[in-house]
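# Inside the fold
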There are 4 protein chains.
Amino acid sequence: MKYTDHKTVEELKIAYVGGGSQGWAWGLMSDLAESGDLSGEVALYDINYEAAKTNETIGNRYNELPGCKSKWNYYATKTLEEALTGADFVVISIQPGTFDEMAVDVHTPEKYGIYQSVGDTTGPGGIMRALRTIPQMEVIAKGIEKCCPKAWVINYTNPMALCVKALYDTFPGIRAFGCCHEVFGSKNLFASALKDIRGIEGIERDEIKINVVGVNHFTWINEASWHGEDLMPVYRQFAEKYKDTGFEGVEEVNWMNSAFANNRRVKFDLLLRFGSVAAAGDRHLAEFCPKNWYLGSEKQANSWGFGLTTVDWRKDRQAKRNVAGQKKASGEAEVTIKPSGEEGVLQMRALLGLCELVTNVNIPNVGQIPNLPLGTVVETNAVFRDGRLEPMMAGPIPTEIDALVRRIANAQLMVAEAGKERNLDKAFAAFINDPLMDLPVPEARKLFDEMVEGTKEYLQEYFK
Amino acid sequence: MKYTDHKTVEELKIAYVGGGSQGWAWGLMSDLAESGDLSGEVALYDINYEAAKTNETIGNRYNELPGCKSKWNYYATKTLEEALTGADFVVISIQPGTFDEMAVDVHTPEKYGIYQSVGDTTGPGGIMRALRTIPQMEVIAKGIEKCCPKAWVINYTNPMALCVKALYDTFPGIRAFGCCHEVFGSKNLFASALKDIRGIEGIERDEIKINVVGVNHFTWINEASWHGEDLMPVYRQFAEKYKDTGFEGVEEVNWMNSAFANNRRVKFDLLLRFGSVAAAGDRHLAEFCPKNWYLGSEKQANSWGFGLTTVDWRKDRQAKRNVAGQKKASGEAEVTIKPSGEEGVLQMRALLGLCELVTNVNIPNVGQIPNLPLGTVVETNAVFRDGRLEPMMAGPIPTEIDALVRRIANAQLMVAEAGKERNLDKAFAAFINDPLMDLPVPEARKLFDEMVEGTKEYLQEYFK
Amino acid sequence: MKYTDHKTVEELKIAYVGGGSQGWAWGLMSDLAESGDLSGEVALYDINYEAAKTNETIGNRYNELPGCKSKWNYYATKTLEEALTGADFVVISIQPGTFDEMAVDVHTPEKYGIYQSVGDTTGPGGIMRALRTIPQMEVIAKGIEKCCPKAWVINYTNPMALCVKALYDTFPGIRAFGCCHEVFGSKNLFASALKDIRGIEGIERDEIKINVVGVNHFTWINEASWHGEDLMPVYRQFAEKYKDTGFEGVEEVNWMNSAFANNRRVKFDLLLRFGSVAAAGDRHLAEFCPKNWYLGSEKQANSWGFGLTTVDWRKDRQAKRNVAGQKKASGEAEVTIKPSGEEGVLQMRALLGLCELVTNVNIPNVGQIPNLPLGTVVETNAVFRDGRLEPMMAGPIPTEIDALVRRIANAQLMVAEAGKERNLDKAFAAFINDPLMDLPVPEARKLFDEMVEGTKEYLQEYFK
Amino acid sequence: MKYTDHKTVEELKIAYVGGGSQGWAWGLMSDLAESGDLSGEVALYDINYEAAKTNETIGNRYNELPGCKSKWNYYATKTLEEALTGADFVVISIQPGTFDEMAVDVHTPEKYGIYQSVGDTTGPGGIMRALRTIPQMEVIAKGIEKCCPKAWVINYTNPMALCVKALYDTFPGIRAFGCCHEVFGSKNLFASALKDIRGIEGIERDEIKINVVGVNHFTWINEASWHGEDLMPVYRQFAEKYKDTGFEGVEEVNWMNSAFANNRRVKFDLLLRFGSVAAAGDRHLAEFCPKNWYLGSEKQANSWGFGLTTVDWRKDRQAKRNVAGQKKASGEAEVTIKPSGEEGVLQMRALLGLCELVTNVNIPNVGQIPNLPLGTVVETNAVFRDGRLEPMMAGPIPTEIDALVRRIANAQLMVAEAGKERNLDKAFAAFINDPLMDLPVPEARKLFDEMVEGTKEYLQEYFK
């Protein structure tokens, strides 16, 4: 890494762990091509080396595009160490296990009457996924400690909070944070409310200022303003107006969300119940609430305006992306530069001192949420500036939602410990405590054991 | 109050607010008659003066019993001030409203599919009852501040936590605490477990040492020992053994509980889920859990081994007690001295320096439970000794049950504020947040409004 | 206040309380003239109406300067209310009492062997000054609550922490913060260290990123970086190099400091003792330390490279400024636009959404320093952005300096309470606890009484 | 260990580490001989095996005394493990190093103008002593973990707080606590005040109820009562009356204190300054305060009514005790049963369930003092009862003394870390931060190095 006249940085090295991934990787390539003040290399490491190789080819094609402001040397590596050595930034975007394991996560509980709309963050599925992921995160954290201890580490993998926690638990000196675009959508929704209720048009999402408190995918906005005007009353009117019909609104900027549409009725219902704005998509939110609120059955979910994303759908989407990737790599399909809507490159620029940025981020609680335990990975605003990532005080979780969020935060602590100790009984203590879980204890254990059995190829560490 | 040679106290004045009550009052009379080192007067104040007069007569009959070790002058007063002036102890045991209001508390929600087994502590009924009680507690606290600011104040009224909180919120210097016998039963249950599992007989409840954390009626025991031996594994075996059949055991010592039998299956289920012993009766415990765990329907409750106490049953019991009272007063029926199983008189003796006592008590949190908000009224062990009531460190609520308890603690804070401000909208915020509440918001509001309407005679303060 | 196309704000109203002041007022006038995206009016209120009138004339002269980018209408008001009504910003810069009272603050303790280098923040003099100021701040806060409750309030008056605390104690909803330029100088010193030790030239103070923890004038920097490089080792080398000779460095930008030169030997000594950088000038720092470290005598102070600022010197300076003011007003002397080095106008622009700013500020502790009591007014970094002032997590006071800072924070709480209750005995409890105080208790009381007597014209409220 | 009918315990094993010691060991022998409900064996381990052997002989002589109610088998062991194996209680009373090392602790600083009246707890001497002791405590804690993990461990060694901390840091599951008789004396003083000021005679120390907050030897009483009457005003009058002359009072019960007389003028002065009662002897208290308050010189100490205990005096006393020990062992001198005034045996009986006890004790802070860091070893009241040692809430350190105590608590944390890591530079950070330390940094380092050099035989671990 080399500064040129304080205004540009050259010879940057980015290590991409999970470098064969598609959505996130291609978005990053596009954003990097547009970042005129950065350049360097991107090392792509993936357990699927071929996938990384394909991305190497795709990435390097960006350099030839007419609109490319910044050239990057993409290359696949055969080892994690090779990718990490000397890295200035590490991006982590991995898949823990295959979609077959995810099918167990999501669909086995359905046999027991437990439905999940996503299944990658919380609920039975999220817990199982965490158990698979934690040992992998430990390997990555140890690699970082050894090869690039000062690197900034951006995680996109779910379950977000538990991934970030595992990184810090393994290497406490790590400079890691987790990014998630769910909150951005809520800013857009405030802009929609301003337009719908007050007739004010043309507000950009970044003009809306919010305070963020919570844990990833169960993040809440308890203050929002625009030019100093309190937007909470506006939003309440908006929620009242659309609580029965839902609000479809304009398409989100982020293409990744388009398949996951919802009409915000869960979000509106939560607002009217508790007075704060739940900031993630409804499919995520429903999973954190007691089962019979929104997810008592598929029908109930549909009646609230959202569907259950099946793993078959995901498999199908991936097959299509594999084809698309091959075509991009071979030149049969175009690669194009367009903003991904993600903030990863902006965060890098801020951490390099090329701009300042206030945005929401997932890091361990050092007091920014005083009424959650220290060490819980929380999502709040933080300041990114030259060489520093500093959390802002978010203040306490509001009383009305405190117990809801705390239940999730406590589950996080229990699962983290279970993972660290490779202790399935401890994992079951979290499992039985999940808001979606209303089975009698013996039934719950049966489900748990069935899920462990179904994913045990990736749980070998727990049986040593 | 006058000390005689450090060993006995004479001329003590006890003010009994709700002095026309039956169960509690008669138990106290019996215990006072047996307390050889105390004597003095008991002023009985009640909004029902006749009831207090009846108790005056009954109380004074104890002095003539052969076994009476200690004579007390009982007299009814026409004003609260008269009763309080110069009191060394104040006992509060009142009924907020009549059983007609309680019928609204308990049975109106049933029309909406919400069942309550008690309805006086939490749930829709407990919240309504609190709204009626808080203004009354404020009057009593102001009276104490004026007439006997140094008196020790023992509250028996439910909802316990909110009553004690209202006393402290009104007069922060008050020396009040709330007593509840529910935890004693759990000590007996540990003794039963020792006998059943380990064959050890003859253990008295006071030989079992426990740590108590929680809020009244949702109190938990996370440590228990006997002669230094950890009893938690014994209890777990006991719970496994009886989790399906329940455990009837010997009759409790406390006669007041006899009508409220349960077979501890809820308590055992909670242990197996969460690892701590819930210390109240199952009828209370079920009300603090998400609705569909134990109270989804009357049938579900019954299947867990407990019934829903109806207000008709209470009315009937009271009618019988009225007759019994008349007979006791007229001499047609005997009054007898037998230990009530309550600790009120023991606590008085300890506070006067005649003994030392460690027992569970309800007082504001000053840190004895570090992970509940300061000022929440919590139930933990405390030391009673000469002139001092000092909470012991209970430690944090265990992670597994933390969110369950916190939800109740937060509701307490919300209802306390609603009551203090006479603000029904704030009360609704707690109402919608209750674990038993699974109605859609508009339905919930309809129920709330109906309950307010049905009890509005005692909610006048909220409509000024 | 009116936004024009999001980029400029017109019709802004600034109320200046203490609007007859000189240094601060003239600096603000110059900065406002340069702020091209703001315009409006400045209402000047002062108990010395004539002084405000003079500033009215001076202020309006700026509009005629060739370099003036922004025109402002200055006018004196006869009442506080008139100035405050409708204000968007309130600036508070008052003198509590006259220099005669300050002479008592600073010089009476010298008769008892207690020396103060400033005497306006801590020590016997700071405490007395606070007692005079608190009632005045209460008047101002009540005025703001009544006339402009949403206004942003910038305080420059000392004692800073106690002034800000009095504002919040009186009107908890106030949007006030205190600004102080002392920390800026320390950023410059880091730049000097980079140049001196590492040979890197041309670093601007804003390129240095720091973490700030403490209370005003006893603020500490425990992290500093430049482009991600840790500057603490560099600074330590710098301190070792100059610990005996001191470091004079280039003149500060801020003209107001020029009379108060020091050679940083106290700052270097504190670093070598405790490992953190004390961020204020040495004259301030010495007053917070145990008496015999730096202020055992005037000679000891001088041996550490700083002098005791006498009140005669201040009187003399004021006389000169009065003359300068008259000349400016009459046109005999020029008014000129040059940056004051203060951040007031920048903060206003950020709060209006015209830029974002991270800087140090004095506000009540809501957890940004977790090991100081909540409600203490602390100095830490905060984010200023559109309609929001949000503290950043500063983290705990480092162990080595924790007790030193806490002593000051506790004194703040004691003096605040004494002031609020107009209770001189409580003030004495803080007085006897001051680090500079080593008198026997009766002697200390004699000094205290003498100081009260000498300033009692401004302590009338305490004798009612 | 074997219970006989719940009322007596036989076959108890007590391990005495430092079993060749004199004062403490002989007191324990006498108290055990009087404890009718306990019997068993006492294993004496000492690095000086001969001394343990002598005590074996002395101990066994007690069994033959006419007043002996309880027989104990005393025997010296050659290894620590042998003593610890199977122990129910462990008593630790060791001397870290010899009196030659203590001479360095106490007298080397005098060459630099720093005087210490005791030198075993705080100040330069206390820090050095801690550095020697911590590695020894680690060895003992590991032995306990291995040989008797459930044993109750009573520590009498100084520096108390750091010894207890080292035990817990090494073996977190240890059931250790530290006992100190200093607070008892303060209870006697309250009784004296009641007599002197109010004319009430015959009050026993145990009738006085107090609240205790602080760290060992710098413990404070902020509440005291007798039969519910607040004794603080009485004590204040008492302090005013004797602040200049001092109060000699009757001889303490505890014979061990008799050589260390003081007239409480420091204690009275601290009360008048800060409003709380410092509970240790003046010689200890003075060492925790800024140097020039009481210990600026030997003369100043004397003027406050206390002397500096020299190590020559200690050597002389030990020589006499050695002779006395030989005579006791040989039968030339008598052994006699008289209460030691210590509470060790009473605590054992309470922990065995034979009584209940509330007394002050040194254990890690789990929240009993909410405004000191968790993990600091603090001194507060606790309940000793059957198999449990439970701290009572002591509440926050009062604001007036908060910073004084915190400075000591922070030093404890720093020295503990330095000891654990065998890091002399970290120890110096505590050294320079000590209240008695007013040397310039280079001078302080010179003193530190000289003290390390002088005691290095016992600091070998720090040079590996």
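Not measured: the values here are computed from a predicted model.

In this section: the overall build of chain A. Scanning chain A from N- to C-terminus turns up 17 helices and 14 strands. The C-alpha atoms of chain A give 21 Å as radius of gyration, which agrees with the globular expectation for 464 residues (23 Å, within 12%). In chain A, buried positions account for 65% of the 464 residues. The contacts in chain A between residues at least 6 apart in sequence include a share of 72% that link residues at least 24 apart. Split by element, the accessible area of chain A, about 16200 Å² in all, is 51% carbon and sulfur. When the 51 basic and 63 acidic side-chain charges of chain A are each reduced to a single mean position, those positions are 1 Å apart.

Contact between chain B and chain C is absent, and the minimum C-alpha spacing across the pair is 13 Å. Chain D makes no contact with chain A, the minimum C-alpha separation between the two being 13 Å.

Let us look at the pattern of salt bridges. Two side chains bearing opposite charge may form a pair once their charged atoms approach each other closely. Counted under the stated rule, the structure contains 124 salt bridges over all chains. In this structure, Lys-243 of chain C and Asp-244 of chain C form a salt bridge, with 3.9 Å as the shortest nitrogen-oxygen distance. Taking relative accessible area as the criterion, Asp-244 of chain C reaches 57% and is therefore assigned exposed. Salt bridges sharing partners connect three or more residues here, namely Glu-138, Arg-422, Glu-461 and Lys-464 of chain A.

Residue Pro-159 of chain C is reached from Asn-158 of chain C by a cis peptide bond, and omega for that bond is 0 degrees. Tracing the chain through its elements places Pro-159 of chain C in the loop between strand E6 (152-155) and helix H6 (160-170). The phi dihedral of Glu-11 of chain A falls on the positive side, at around 60 degrees, and the residue is not glycine. Mapped onto the secondary structure, Glu-11 of chain A falls in strand E2 (residues 8-17). The class for Glu-11 of chain A is partly exposed, based on a relative accessible area of 48%. Phi at Arg-264 of chain A takes a positive value of approximately 70 degrees, unusual for a residue other than glycine. As for its placement among the helices and strands, Arg-264 of chain A is situated in the loop between helix H8 (232-242) and helix H9 (265-274).

If you look at the interface, chain C gives 28 residues, while chain A gives 28 residues. Counting each side, the surface lost to burial between chain C and chain A is near 2500 Å², with a carbon and sulfur contribution of 53%. For the interface between chain C and chain A, the tally reads 4 salt bridges. With a shortest N-O distance of 2.7 Å, Arg-388 of chain C and Glu-223 of chain A are connected by a salt bridge. Inspection of the region where chain C meets chain A yields 12 residue pairs in polar contact (both at pLDDT 80 or more). Contributions of two or more residues to the side of chain C that touches chain A are made by strand E8 (209-215), strand E9 (218-226), strand E13 (377-385) and strand E14 (388-391) of chain C. The residue makeup of the side of chain C that touches chain A, split by class, is 11 nonpolar, 9 polar and 8 charged.

This part covers the confidence of the model for chain A. Residues and elements named next belong to chain A. Chain-level statistics for chain A give a pLDDT mean of 94 and a share of 97% at 70 or above. The low-confidence segment residues 251-259, where pLDDT is below 50, has 15 contacts with residues more than four positions distant or belonging to other chains. In the model output, the complex is listed with pTM 0.94 alongside ipTM 0.92.

Time to look at the relation of the copies chain C and chain A. Superposition of chain C onto chain A requires a rotation of 180 degrees combined with a translation of 0.0 Å along the rotation axis, giving an RMSD of 0.0 Å. The relationship between the two copies is best expressed as a two-fold rotation axis. In terms of proximity to the rotation axis, the leading residue of chain C is Met-392 of chain C, whose C-alpha is 1.9 Å off the axis. Both copies present the same face, since 100% of the interface residues in chain C are matched by interface residues at the equivalent positions in chain A.

By a simple turn and slide, chain D fits onto chain C: the slide is 0.0 Å along the axis, the RMSD is 0.0 Å, and the turn is 180 degrees. Mapped onto chain C, 100% of the interface residues of chain D are again interface residues, and the two copies thus contact each other with one and the same surface.

Our focus in this paragraph is the side chain of Asn-158 of chain B. All names here are of chain B. You can see Asn-158 is positioned in the loop between strand E6 (152-155) and helix H6 (160-170). Here the side chain of Asn-158 touches Met-160 through a polar contact of 3.3 Å, landing on its backbone nitrogen. In contact with Asn-158, not counting residues within four places along its chain, are Pro-96, Asp-120, Arg-129, Thr-133, Cys-163, Asn-216 and His-217.

Right, let's get into the packing of aromatic side chains. Within this structure, the stated rule accounts for 68 aromatic pairs over all chains. Note on Phe-177 of chain A and Phe-384 of chain A: the rings are 5.2 Å apart at their centroids and 75 degrees apart in plane angle, and the pair reads as edge-to-face. With Phe-177 of chain A in strand E7 (residues 175-178) and Phe-384 of chain A in strand E13 (residues 377-385), the pair connects residues that are 207 residues apart, well separated along the chain. The pair formed by Phe-177 of chain A and Phe-384 of chain A is uniform in burial state, with each residue classed as buried. Its guanidinium or amino end placed over the ring of Trp-293 of chain C, Arg-273 of chain C lies 5.0 Å from that ring's centre, counting from NZ or CZ.

On the chain C side, the residues contacting the 24 residues of chain D number 24 residues. Taken over both partners, the interface formed by chain D and chain C buries close to 2200 Å², and the fraction arising from carbon and sulfur atoms is 53%. Ionic pairing is found between Asp-402 of chain C and Arg-406 of chain D, a salt bridge with its closest N-O pair at 2.5 Å. At the boundary of chain D with chain C, the tally comes to 10 residue pairs in polar contact (both at pLDDT 80 or more). Taken together, the elements giving at least two residues each to the side of chain D that touches chain C come down to helix H9 (265-274), helix H11 (291-294), helix H15 (399-420) and helix H17 (441-454) of chain D.

This paragraph deals with the packing of helix H6 (residues 160-170) of chain D against H15 of chain D. Helix-helix packing is described using two parameters, namely the angle between the two axes and the distance between the axes. All names here are of chain D. Running from amino to carboxyl end, H6 crosses H15 at an angle of 50 degrees, the nearest separation of the two axes being 10 Å. When the interaxial angle is binned, H6 and H15 end up oblique. In this structure, H6 meets H15 at a crossing whose hand is right-handed. Contacts between H6 and H15 involve Ala-161, Leu-162, Lys-165 and Asp-169 from the first element and Gln-412, Leu-413, Val-415, Ala-416 and Lys-420 from the second. Within the contact of H6 with H15, the residues separate by chemical class into 5 nonpolar, 1 polar and 3 charged.

Residues and elements named next belong to chain B. By the element assignment, Gln-22 lies in the loop between strand E2 (8-17) and helix H1 (23-34). At a separation of 2.7 Å, a polar atom in the side chain of Gln-22 contacts the side chain of Asn-322. Apart from residues lying up to four places away in sequence, Gln-22 is in contact with Gln-318, Arg-321 and Asn-322.

About the criteria used
- Residues numbered from 1 in each chain as written.
- Chains lettered and ligands numbered in written order.
- Predicted model: local features only at pLDDT ≥ 70, side-chain atom pairs only at ≥ 80, totals over all residues.
- Heavy atoms only, no water.
- Helix = DSSP H or I, 4+ residues; strand = E, 2+ residues; numbered from the N terminus.
- Rg over C-alpha atoms; globule rule 2.2 N^0.38 Å.
- Buried < 20%, exposed > 50% of the residue type's maximum accessible area, 1.4 Å probe, protein only.
- Contact = heavy atoms within 4.5 Å.
- Areas by Shrake-Rupley, 256 points an atom, 1.4 Å probe, with all protein chains shown as cover.
- Lys, Arg positive; Asp, Glu negative; His and termini not counted.
- Charge placed at Lys NZ, Arg CZ, Asp CG, Glu CD.
- Salt bridge = Lys/Arg side-chain N within 4 Å of Asp/Glu carboxyl O.
- Buried area = accessible area lost by both parts, 1.4 Å probe.
- Polar contact = N/O pair within 3.5 Å; in protein donor to acceptor, adjacent residues only side chain to side chain.
- Nonpolar A, V, L, I, M, F, W, Y, C, P; charged D, E, K, R; others polar.
- pLDDT = per-residue confidence, 0-100.
- Least-squares fit on C-alpha atoms with pLDDT ≥ 70 in both.
- Phe/Tyr/Trp six-rings, centres within 6.5 Å; stacked < 30°, edge-to-face > 60°.
- Lys NZ or Arg CZ within 6 Å of the ring centre and 35° of its normal.
- Axes fitted to C-alpha atoms, helices over the stretch in contact; angles between N-to-C directions.
- Parallel < 35°, antiparallel > 145°, perpendicular 65-115°, else oblique.
- Left-handed = near helix turned anticlockwise from the far one by under 90°.

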